[in-house]
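# Residue-level structural notes
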Amino acid sequence: MVLLCYPRCTTCQKAKKWLEEHNIHFEIRDIKENNPTSGELKEWHKKSGLPLKSFFNTSGQLYRKLNLKDKLPSMSEDEMYSLLASDGLIVKRPILVGDGFVLVGFKESEWKTVLGAE
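So, here's what we can say about the structure. (Residues numbered from 1 in each chain as written. Predicted model: local features only at pLDDT ≥ 70, side-chain atom pairs only at ≥ 80, totals over all residues. Heavy atoms only, no water.)

Moving on to the packing of aromatic side chains. Tallied over the entire structure, the rule returns 4 aromatic pairs. Ring centres of Trp-18 and Trp-111 lie 6.1 Å apart, and the angle between their planes is 85°; this geometry places the pair in the edge-to-face category. One end of the pair, Trp-18, is in helix 1 (residues 10-21); the other, Trp-111, is in helix 6 (residues 108-115), and 93 residues separate them in sequence. Owing to a relative accessible area of 0%, Trp-111 belongs among the buried residues under this scheme. (Phe/Tyr/Trp six-rings, centres within 6.5 Å; stacked < 30°, edge-to-face > 60°. Helix = DSSP H or I, 4+ residues; strand = E, 2+ residues; numbered from the N terminus. Buried < 20%, exposed > 50% of the residue type's maximum accessible area, 1.4 Å probe, protein only.)

See the structure below:
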């Protein structure tokens, strides 16, 4: 399992702590230093079952600075994948990638269900 996160993100810190407390083995990947590729994002998007917009960090400064709220509706999926791959800070985090699943954002109840944790 891989946890994509940004070390200074408090939600990422909570997710990491939660995984450790539940003895779930994972590797960390810094989303800013090693941002996802367009290909990875396409694969994760399909596995997640979520709308592509869910992969955008809508509360981030870069999202607001680039005025993405207004631009996303008219962008193609390929343009969105390229934009997400251009900077890890545009991507919603944390992302937990495992065999057969992708979790975007940290929702403890969802993580418990998918990971079978008590």
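All right, on to the pairing of strand 4 (residues 101-104) then. Residues Phe-101 and Leu-103 of strand 4 are buried on one face, and the alternating residues Val-102 and Val-104, pointing to the opposite face, are buried as well. Judged from the 4 bridges that link them, strand 3 (residues 95-98) and strand 4 form a sheet pairing that is antiparallel. Opposite Val-97, over in strand 4, you have Val-102 as the bridge partner. Connecting strand 3 to the next strand, strand 4, in antiparallel fashion are 2 residues, including Gly-100 with a positive phi near 80°. (Pairing = 2+ DSSP bridges.)

Take helix 1 next. For helix 1, built from 12 residues, the straight-helix expectation of 16 Å at 1.5 Å per residue is met to within 8% by its first-to-last C-alpha distance of 16 Å. For helix 1, every residue scored as buried is listed here: Cys-12, Ala-15, Trp-18 and Leu-19. On an axial view of helix 1, the arc spanned by its buried residues comes to 125°, and they lie on one face. For helix 1, the exposed residues set more than 90 degrees away from the buried face come down to Thr-10, Lys-14, Lys-17 and Glu-21. Packed against the buried residues of helix 1 are strand 1 (2-5), strand 3 and helix 6. Two residues or fewer past helix 1, Asn-23 is found with a positive phi of approximately 50°. (Expected span 1.5 Å × (residues − 1). Arc of directions from axis to C-beta. Contact = heavy atoms within 4.5 Å.)

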